[in-house]
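Listed below, chain by chain, are the residues.
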Amino acid sequence: MRPLFIAGNWKMNPSTSEAAVALAEAVKAGVGTSAEVRVAVCPPSVFLHHVDAVLSGSPIGLGAQNMHWKPDGAYTGELSGAMLQDIGCTHVILGHSERRHGLHETDAQINAKLHAAIGIGLIPIVCIGETLEERQADQTNDVVAGQMTGSLAGLSPEQMAGVVLAYEPVWAIGTGLTATPSQAQAVHEFIRDWLTSKFGEATAQRVVVQYGGSVKPDNAAELLGAPDIDGALVGGASLKAADFLGIVQAARDVTAKGKP
Ligand code: PGA
């Protein structure tokens, strides 16, 4: 069984560094030192420094929510992977649907960012997923395959094995609608099969594929129990320490029980 990985995507929240520190402190206290389930938090970049200081001595990873593909230069408003690493980041979310759809980020840009992240040793969390219209038109697998083809281009099997994928159906993000475990598992299985065909069985079996979209403490255990769901990328519920820790606990329970 792949180690489960729960990551909190705080998006553009909370609004003060004080609140970010308080949330990080509560998550740190609740996670403790046990590392059987991988945990990371991804605060807004202006709070990374504060949160890094809080997380010192804890196994919790620190992720940014985006980066530029260039190492430096005239890119107003952007941050390089090296800067993020310098401030304590271990992870970076790439290609979140709110950036793909809201900011027109392309697979080619995500791919450039991915190669830059891997090049300096940041663990990328690459997001993929279909919109409601695409699902209703029965295009889910084609959309996900297209995003993987573009975003993951040029990776070696070894590089692929270190990438975390997050399957996030856009219609389930922040809406309270969650894919059922069997709907999610069906797409995760498709993703695993696609990875097998492109990178080989051994690599595909190593890739951690998170599910994201309204994951909550009360639906986490069932989702995480599915054979190809290896964790969760959590938005709204990661802003309340008790909810996020409830999801981490669900991952621990699934880990203790094992999967079929
Ligand atoms: P949500 O967000 O948990 O609030 O649906 C998930 C995400 O966008 O990563």
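Scroll up to find the structure this text is about.
My aim in this report is to walk through the structure given alongside it, one point at a time. (Residues numbered from 1 in each chain as written. Predicted model: local features only at pLDDT ≥ 70, side-chain atom pairs only at ≥ 80, totals over all residues. Heavy atoms only, no water.)

### Quick notes on helix 2 (residues 48–55)
An α-helical turn contains 3.6 residues, so a residue and the one three or four places further along point in the same direction. Short version of the rule: Burial here depends on accessible area, computed with a 1.4 Å probe over protein chains only, as a share of the maximum for the residue type. Under 20% is buried, over 50% is exposed, and the range in between is partly exposed. For helices the rule is a DSSP run of H or I covering at least 4 residues; for strands it is a run of E covering at least 2, with both sets numbered from the N terminus onward. The arc in question is the one spanned by the directions pointing from the helix axis to the C-beta atoms. Here a residue-residue contact requires only that any non-hydrogen atoms of the pair lie within 4.5 Å.
Listed in full, the buried residues belonging to helix 2 are Leu48, Val51, Val54 and Leu55. Taken end-on, helix 2 shows its buried residues confined to a sector of 125°, consistent with a single buried face. Of the exposed residues in helix 2, the ones pointing more than 90 degrees away from its buried face are His49 and Ala53. Where helix 2 is buried, its residues touch helix 1 (17–31), strand 2 (38–42), strand 3 (61–64) and helix 3 (81–86). Glycine 57 occupies a position one or two residues after helix 2 and carries a positive phi of about 85°.

### Some words on the pattern of salt bridges
Formally: We define a salt bridge as a side-chain nitrogen of Lys or Arg found within 4 Å of a carboxyl oxygen belonging to Asp or Glu.
With the rule as written, the count across this model stands at eleven salt bridges. As a salt-bridge pair, arginine 99 and glutamate 105 come within 2.8 Å of each other at their nearest N and O atoms. Residue classification places glutamate 105 among the buried positions, given a relative accessible area of 8%. In this structure, aspartate 230 and arginine 192 form a salt bridge, with 2.8 Å as the shortest nitrogen-oxygen distance. One end of the pair, aspartate 230, is in the loop between helix 11 (217–224) and strand 8 (231–234); the other, arginine 192, is in helix 9 (residues 181–199), with 38 residues separating them in the sequence. By the burial criterion, aspartate 230 is buried, and arginine 192 matches it.

### Topic: the site of the ligand
We count it as follows: Here, proximity means that at least one heavy atom of the residue falls within 4 Å of the molecule or strand. Polar contact criterion, stated in full: a pair of N or O atoms within 3.5 Å, where within protein one must be able to donate a hydrogen and the other to accept it, and residues adjacent in sequence count only if both atoms are side-chain atoms. Computed with the Shrake-Rupley method and a 1.4 Å probe, the accessible areas treat only the protein chains shown as cover for residues. All amino acids are sorted into three groups, where Ala, Val, Leu, Ile, Met, Phe, Trp, Tyr, Cys and Pro are nonpolar, Asp, Glu, Lys and Arg are charged, and the leftover types, Gly among them, are polar.
For the ligand, the set of nearby residues contains 13 residues, the closest of which are Lys11, His96, Glu168, Gly174 and Ser214. Take glutamate 168: an N or O atom from its side chain is 2.7 Å from an oxygen atom of the ligand. Here glycine 236 contributes a backbone N or O atom positioned 2.8 Å from an oxygen atom of the ligand. Protein contact buries 96% of the 280 Å² of open area that the ligand shows by itself. Class assignment of the residues belonging to the shell around the ligand gives a composition of four nonpolar, seven polar and two charged.

### Looking at the pairing of strand 4 (residues 91–94)
Filter applied, for reference: Two strands are said to pair when DSSP picks up at least two bridges between them. Throughout, right-handed denotes a crossover for which the path from the first strand over the helix to the second runs clockwise when the strands point away from the viewer.
Of the two faces of strand 4, the one lined by His91 and Ile93 and the one lined by Val92 and Leu94 are each fully buried. As judged from the two bridges shared by strand 3 and strand 4, these two strands associate in the parallel manner. Residue pairing in the sheet places alanine 64 in a bridge with valine 92 of strand 4. Between strand 3 and its parallel partner strand 4, the chain crosses via helix 3, and the hand of that crossover is right-handed. As defined by bridge partners, strand 4 adjoins strand 5 (residues 123–128) across four bridges and the pair is classed as parallel. Across the sheet, isoleucine 93 pairs through a bridge with isoleucine 125, a residue of strand 5.

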